[in-house]
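# Secondary and tertiary structure notes
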Amino acid sequence: MAGLEASLLTYLPEGLSFAAALVLVATSFVTAALTAAFGIGGGVALLAVMASLVPVAVLIPVHGVVQLGANAGRAMVQIRQVVWPLLGIFSAGALLGALIGGQLVVTLPDVLLKTFVGAFVLLTIWGPKPKQAKGGNLGLFSGGVFATILTMFVGATGPFVAALLASRLDDRRTYAGTHAAAMVLQHGLKVIVFGFLGFAFGAWVPILVAMIGAGFLGTLLGTRLLHAIDEKTFRTAFKWLLTALSLQLIGTALWDWLSG
């Protein structure tokens with residue numbers, strides 16, 4: 001067993017332990033199942049766990065690749081329901097937002113990024129839900145800019161994009177398809193920008209493939225297992241678990257800042 005673990009470590013990026021890699025793959029499976037079964041933001045949950053296991057400098061780009069893979073399958077299945085004119089307007093704003101956000105994120109210190117991510121997860125769990133966004137094409141364009149700048153810092157902006165599209169699409173099928181395509185676009189742009197900024201994805205390819213594969217299996221198989229759990233009890237426990245992870249992340253950031 002020790003020999004197998006040592007062999008597998010050669011496929012992992014430097015600094016990531018075998019145990020941490022297993023947790024990441026398992027978390028990808030579970031969070032994909034959560035999204036499939038309960039409609040809960042699996043991306044936010046995955047972000048909170050990853051923030052405790054991987055360096056802050058790689059958190060957002062690596063999370064973006066996993067979320068790109070998770071949303072790609074959903075978008076492919078629902079491709080016929082995509083409202084392309086709306087997606088085009090959102091895409092134009094998202095492209096501008098990715099260019100702006102990419103320039104800003106590289107200037108922030110690790111302590112600030114950790115605090116930002118932790119606070120975002122807390123706001124997502126306990127804060128008011130995003131309201132359906134109003135406005136015409138300019139509002140959709142502006143929302144694409146803001147959402148993509150935000151995703152460069154906090155990774156999981158699905159709830160905001162959902163609110164942006166909900167008021168513009170009455171049919172739930174066209175809404176679901178367009179939302180999936182928008183998230184693929186947003187995460188794809190983010191990954192491209194980080195690549196241009198010099199992030200080395202190569203060392204992370206094996207663990208990324210494993211996490212995306214686990215997420216696909218979680219979507220297929222996890223729903224049946226999770227239906228056996230009382231939803232109210234689950235949601236309460238889930239909120240407090242994410243809260244604890246977020247507070248731990250913020251506490252770590254503050255400790256790093258105080259210790260200089």
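Given the structure is predicted, the values throughout are model-derived calculations rather than measurements.

### Here's the deal with the overall build of the chain
Counting its secondary structure elements, the chain contains 11 helices and zero strands. Each helix and strand of the chain, ordered N terminal to C terminal, gives the series α-α-α-α-α-α-α-α-α-α-α. Relative to its full complement of 260 residues, the chain shows a buried share of 46%. In the chain, 83% of the contacts between residues at least 6 apart in sequence involve partners at least 24 apart. Surface accessibility of the chain: about 13200 Å² in total, with carbon and sulfur atoms responsible for 71%.

### A few points about the packing of helix α7 (residues 137-154) against helix α8 (residues 158-166)
Packing of α7 against α8 leaves a shortest axis separation of 10 Å and a crossing angle of 175°. In this view, α7 runs roughly antiparallel relative to α8, as classed from their interaxial angle. Across from G139, L140, G143, G144, F146 and A147 in α7, the residues of α8 making contact are F160, V161, L164 and L165. Its residues assigned to classes, the contact of α7 with α8 shows seven nonpolar, three polar and no charged.

### Looking at the packing of helix α3 (residues 42-50) against helix α4 (residues 56-77)
Relative to each other, α3 and α4 sit at 145°, their axes nearing to 11 Å. Of the two elements, α3 crosses α4, and the hand of that crossing is right-handed. Contact residues: G43, L46, L47 and M50 in α3; L59, I60, V62, H63, V66 and Q67 in α4.

### As for the side chain of Q67
Within the secondary structure, Q67 sits in helix α4. Leaving out residues up to four positions away in the same chain, Q67 has contacts with G43, L46 and H187.

### Section: the nonpolar core
Counting residues in hydrophobic clusters, the biggest one holds 61 residues, and the most contacted among them are L16, M50, V54, L59 and W204. Of all the elements, α7 adds the most residues to this core, at eight residues. Ignoring anything within four residues of it in the chain, the contact list for L59 reads L47, M50, A51, V54 and V117.

### As for the packing of aromatic side chains
Throughout the structure, instances matching the rule amount to two aromatic pairs. Residues F199 and F201 carry aromatic rings whose centres are separated by 4.5 Å and whose planes lie at 75° to one another, so their mutual orientation is edge-to-face. Residue classification places F199 among the buried residues on the basis of a relative accessible area of 17%.

### Describing the environment of A210
Structurally, A210 can be placed in helix α10 (residues 205-226). You can call A210 partly exposed: its relative accessible area is 32%. Residues A210 and S28 lie 182 residues apart in sequence; the distance between their C-alpha atoms is 9.0 Å.

### Description of the confidence of the model for the chain
With 86% of its residues at a pLDDT of at least 70, the chain reaches an overall mean of 81. Least confident of the elements in the chain is helix α1 (residues 2-9), whose mean pLDDT is 58; most confident is helix α5 (residues 84-105), at 89.

### Details of the environment of L189
Tracing the backbone through its elements, the reader meets L189 in helix α9 (residues 172-196). Note: C-alpha distance between L189 and A98 (91 residues apart in sequence) is 6.4 Å. Those residues within four positions of L189 in sequence are excluded, and the remaining contacts are A94, L95 and A98.

### Side note on α3
For α3, a buried count of nine out of nine residues is recorded, marking the element as mostly surrounded by other parts of the structure. Within the sequence span of α3, burial applies to G42, G43, V44, A45, L46, L47, A48, V49 and M50.

Parameters at a glance
Residues numbered from 1 in each chain as written. Predicted model: local features only at pLDDT ≥ 70, side-chain atom pairs only at ≥ 80, totals over all residues. Heavy atoms only, no water. Helix = DSSP H or I, 4+ residues; strand = E, 2+ residues; numbered from the N terminus. Buried < 20%, exposed > 50% of the residue type's maximum accessible area, 1.4 Å probe, protein only. Contact = heavy atoms within 4.5 Å. Areas by Shrake-Rupley, 256 points an atom, 1.4 Å probe, with all protein chains shown as cover. Axes fitted to C-alpha atoms, helices over the stretch in contact; angles between N-to-C directions. Parallel < 35°, antiparallel > 145°, perpendicular 65-115°, else oblique. Nonpolar A, V, L, I, M, F, W, Y, C, P; charged D, E, K, R; others polar. Left-handed = near helix turned anticlockwise from the far one by under 90°. Core = buried A, V, L, I, M, F, W, Y, C linked by side-chain atoms within 4.5 Å. Phe/Tyr/Trp six-rings, centres within 6.5 Å; stacked < 30°, edge-to-face > 60°. pLDDT = per-residue confidence, 0-100.

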